[in-house]
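One letter stands for each residue in the lines below.
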Amino acid sequence: MARVLVIGAGGVGNVVVRKCAQVPEVFEYIGLASRTKAKCDAIAADLPRPIETAAVDAENVPELVALMRRMKPDVCIHVALPYQDLPIMDACLEAGVDYVDTANYEPRDTARFEYAWQWAYDERYRAAGRMALLGSGFDPGVTNVFTAWALKHHFDEIHELDILDCNAGDHGLPFATNFNPEINLREVTARGRTYEDGRWVETDPLSVHRTFDFPGIGPKEIYLLYHEELESLARHIPGLRRARFWMTFSANYLKHLEVLQNVGMTRIDPVPFQGREIVPIEFLKALLPDPASLGPRTKGKTCIGCWMLGVKDGTPKRMCVYNICDHEACYREVKAQAISYTTGVPAMIGGLLVATGAWRRPGVFNMEQLDPDPFMDRLNRHGLPWEARELAV
Ligand code: NDP
């Protein structure tokens, strides 16, 4: 039996808490803390079992430590924002709590996300006998596990990896993002980066695209992006020669994005406005729909997975592993759309595998470094069934 503290009561936090509540045989106690306690209480009021809620500023380490000492969690699942990764990792070390997140650290003032800052905690976590599990969402997260599972059971080496993320959901609004708008827009407006033979090749934002026929969905336009799991997979998957990440965008989304960029609304530096400073992307976030509000209106499916080329027993082999998720089915189950669902379920599973000891070991780990089998099994049991298919070479 374990005690879990979830930090962040947004779209993903809602799903993590509801999914933890579905596993009472593991999570005997659930705490939920976020900046706005009313959001935690609204989630708590709609659950079949009691949880404890609190307000916390997740950038304030002493406040976090006091909260952890009071709630006494074994594991903390952090699904607030990437800016809070390091203070929460510090607090977990001080309070003696294991740590799980879904997005790597990003400083507020530079759109630069990389694992270096969090990998630097490895020594301290090992010395303290604590575990930090990084990137336990869908991508990063499940995509890392799909790759590790394919390598364990189907390949001797994976040479080429394409991670494909298709959201064919329609919320009927002119423009909205499916997770935190600030983080989402920083990600998609960054330069593309792919891993090629041991080095990183950069491309202009959204300049490389092609059509891909997704299982269960059909043809969609996919765009090359940089995504954080490429960094850890390039480091941890031996033999990998090329790794790329692709995401679908509708023509409508791109039209709005282009205008917002051209007028400076996606800028992350402060600009003077009426005697004070504002950051345009933060103001834009206040105008855009809250991703959690898209749940009841989103229809359609997501398909996210890994398409791989490698060798088995000296013969070239190609295969894919993916999940298809239905927005409306997610809403019926947990009152959230599929992007929050596909992130929240793996965050719960990561927390569960750490808390039960199946994955627990001292240090800082990315998902592909751990045995993929218990995670793949849990995906099928907790709402994200996957398909694996061999393809023609
Ligand atoms: P939301 O914006 O909906 O929720 C974020 C929550 O964090 C809000 O409740 C917010 O509080 C809270 N928060 C923000 N700052 C603080 C703070 N200083 N202290 C305490 N709480 C704070 O985001 P999502 O739920 O959509 O996304 C959550 C995380 O999941 C993000 O880090 C995102 O990058 C990650 N993600 C990962 C994916 C993956 O596949 N790996 C995919 C999608 C998302 P308030 O309500 O008061 O604003």
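Since the structure is predicted, the reported quantities are computational estimates derived from the model, not experimental observations.

Trainee: Quick one: what's the story with the nonpolar core, residue by residue and with numbers?
Mentor: Residues Val4, Val6, Ile7, Val16 and Cys76 are the most contacted members of the largest nonpolar core, which totals 106 residues. Ranked by the residues each element gives to this core, the list is headed by helix H13 (residues 338–355), at 11 residues. Built from parts of two domains, this core gets at least three residues from each of domain 1 (2–134) and domain 2 (142–335 + 387–391).

Trainee: Could you give an account of the site of the ligand, with specific residues and numbers?
Mentor: Every one of the 33 residues lining the ligand counts as a neighbour, but Gly10, Ala58, Ala80, Gly137 and Phe179 are closest to it. Of all elements in the fold, only helix H1 (11–21) and H13 reach the threshold of two or more residues within the shell around the ligand. With 3 residues, H1 is the single largest residue contributor to the shell around the ligand. For the shell around the ligand, the per-class residue count stands at 16 nonpolar, 12 polar and 5 charged. Residue contributions to the shell around the ligand reach at least three from each of two domains, namely domain 1 (2–134) and domain 2 (142–335 + 387–391).

Trainee: Report on helix H9 (residues 229–236), specifying residues and quantitative values.
Mentor: What H9 keeps buried is the set Glu229, Leu230, Glu231, Ser232 and Leu233. Looking at the buried side of H9, the elements it contacts are helix H7 (142–153), strand E7 (157–167), strand E8 (192–196), strand E12 (242–248) and strand E17 (363–366).

Trainee: Outline the pairing of E8, supporting the account with residue identities and numerical values.
Mentor: The sheet contact formed by E8 and strand E9 (residues 199–203) spans 5 bridges and is antiparallel. Counterpart to Thr194 in the pairing with E9 is Val201. Where E8 folds back on E9, the antiparallel hairpin that results is connected by 2 residues, among which Asp197 adopts a positive phi of roughly 45 degrees. Alignment of E8 against E12, held across 2 bridges, turns out to be antiparallel. Its bridge partner lying in E12, Tyr195 is registered against Ala243.

Trainee: Describe in detail the environment of Arg389, supporting the description with residues and values.
Mentor: Among the secondary structure elements, Arg389 is positioned in strand E18 (residues 386–391). Expressed as a C-alpha distance, the spacing of Arg389 and Tyr322, which sit 67 residues apart in the sequence, is 8.9 Å. Ignoring anything within four residues of it in the chain, the contact list for Arg389 reads Met319 and Cys320.

Trainee: Residue-level account of the sheet that holds E17, with values.
Mentor: Taken together, the 7 strands give an open sheet; going across it, the order is E3-E2-E1-E4-E5-E6-E17, and neighbouring strands pair in parallel fashion. Two strands in the sheet have a free side with no partner beyond their single neighbour: strand E3 (52–55) and E17. Between one strand and the next, the sheet's axes are offset by a mean angle of 20 degrees, whatever the strand orientation. Across 4 bridges, the pairing between strand E4 (residues 75–78) and strand E5 (residues 98–101) is parallel. Bridge assignment links Cys76 to a residue of E5, and that residue is Tyr99.

Trainee: Can you break down the domain arrangement of the chain residue by residue, with the values?
Mentor: What the domain assignment lists for the chain is domain 1 (2–134) and domain 2 (142–335 + 387–391). One C-alpha centre belongs to domain 1, the other to domain 2, and the line joining them spans 24 Å. Looking at the side of domain 1 that touches domain 2 residue by residue, the class counts come to 6 nonpolar, 4 polar and 3 charged.

Trainee: Please set out the environment of Ala336 residue by residue, giving values where relevant.
Mentor: Turning to its location among the elements, Ala336 is positioned in the loop between helix H12 (327–334) and H13. For Ala336, a count of 27 C-beta atoms within 10 Å corresponds to the buried category. Between the C-alpha atom of Ala336 and that of Leu254, which follows or precedes it by 82 residues, the distance is 24 Å.

Trainee: Tell me about the environment of Met376, residues and numbers included.
Mentor: The topology assignment puts Met376 in helix H14 (residues 372–381). When the C-alpha positions of Met376 and Trp386 are compared, they lie 8.2 Å apart, and in sequence the two are 10 residues distant. Setting aside residues up to four positions removed in sequence, Met376 forms contacts with Val145, Trp149 and Trp386.

Trainee: So, the packing of H7 against H14: which residues are in play, and what are the values?
Mentor: The contact between H7 and H14 brings their axes to 9 Å, and the two run at 120 degrees. Considered as vectors, H7 and H14 are oriented oblique to each other. For the pair H7 and H14, the sense of crossing is left-handed. On the side of H7, the interface is formed by Val142, Val145, Ala148, Trp149 and Lys152, while H14 contributes Pro372, Phe375, Met376 and Leu379.

Definitions and limits used
Residues numbered from 1 in each chain as written. Predicted model: local features only at pLDDT ≥ 70, side-chain atom pairs only at ≥ 80, totals over all residues. Core = buried A, V, L, I, M, F, W, Y, C linked by C-beta atoms within 7 Å. Buried ≥ 20, exposed ≤ 12 C-beta atoms within 10 Å, placed from the backbone. Helix = DSSP H or I, 4+ residues; strand = E, 2+ residues; numbered from the N terminus. Domains from an automatic or database assignment. Near = placed C-beta within 6 Å. Nonpolar A, V, L, I, M, F, W, Y, C, P; charged D, E, K, R; others polar. Contact = placed C-beta atoms within 7 Å. Pairing = 2+ DSSP bridges. Axes fitted to C-alpha atoms, helices over the stretch in contact; angles between N-to-C directions. Parallel < 35°, antiparallel > 145°, perpendicular 65-115°, else oblique. Left-handed = near helix turned anticlockwise from the far one by under 90°.

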